[in-house]
Amino acid sequence: AAGLKTLEIYERDGVLAQATALGEIASAYMSEWSSRYAIVKQVRTSGLLIGVDFFASEDHEERWWTSRAVRSRMLDNGVWAISDRESTIRLYPSLVMDKDVLLEGLSIMEEAIQWVSTHGQTVGDSPGWPSGVAGF
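For clarity, every value in this text was computed on a predicted model and none was experimentally measured. (Residues numbered from 1 in each chain as written. Predicted model: local features only at pLDDT ≥ 70, side-chain atom pairs only at ≥ 80, totals over all residues. Heavy atoms only, no water.)

> So what's going on with helix H5 (residues 99–119)? Which residues, and what values?
Three- or four-residue spacings in an α-helix give side chains the same orientation, since the helix completes a turn every 3.6 residues. With 21 residues, H5 ought to run about 30 Å at 1.5 Å a step, and its terminal C-alpha atoms sit 30 Å apart, in line with that. Taken together, the buried positions of H5 are occupied by Leu102, Gly105, Leu106, Ile108, Met109, Glu110, Ala112, Ile113 and Val116. Elements that come into contact with the buried residues of H5 comprise helix H2 (15–30), helix H3 (33–36), strand S1 (40–46), strand S2 (49–54), helix H4 (63–76) and strand S3 (88–91). The backbone nitrogen of Asp100 has a side-chain oxygen 3.1 Å away, supplied by the residue at the start of H5, namely Asp98. Just downstream of H5, Gly120 is the residue with a positive phi angle, here 70 degrees. (Helix = DSSP H or I, 4+ residues; strand = E, 2+ residues; numbered from the N terminus. Expected span 1.5 Å × (residues − 1). Buried < 20%, exposed > 50% of the residue type's maximum accessible area, 1.4 Å probe, protein only. Contact = heavy atoms within 4.5 Å. Polar contact = N/O pair within 3.5 Å; in protein donor to acceptor, adjacent residues only side chain to side chain.)

Listed below in structure tokens is the structure:
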């Protein structure tokens, strides 16, 4: 009964159409990051399942330090993302998020990528890892 009611609400409120539209916006917004920023290896999207994979910085062999530096900058500016000692930052935005909020979050992520691309990062110069799995 709960599952059927959830599907009914999704249909009534246009959740899937909204999520599809937001996924297309995110994909278009991030489409050139791998050619624009030397540290971005790949951007992957499947709807609102988003992953940005990074190259190692010139200073360090470990690719996950680059993603950690980007994620730390994002956290400092109000965007939560996941990169649990991986070279990929993962985002799982809300399916019903307002378009402007999505674009603000992606803008903050891009600023973080640009900042780390320009300033680099220092191994160990990041906050502790918050736990949990949530998007922004």
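> Requested: an account of the sheet that holds S1, with residues and values cited.
Read across the sheet, three strands follow the order S1-S2-S3 without closing on themselves; strand pairing throughout is antiparallel. Strands at the two margins of the open sheet, each flanked by one partner only, are S1 and S3. Ignoring strand direction, the axes of neighbouring strands in this sheet form an average angle of 10 degrees. Here S1 runs beside S2; their pairing, made up of six bridges, is antiparallel. Looking across to S2, one finds that Gln42 is bridged to Asp53. Packed on one face of the sheet, H5 meets S1, S2 and S3 and runs near 170 degrees to S3. (Pairing = 2+ DSSP bridges. Axes fitted to C-alpha atoms, helices over the stretch in contact; angles between N-to-C directions.)

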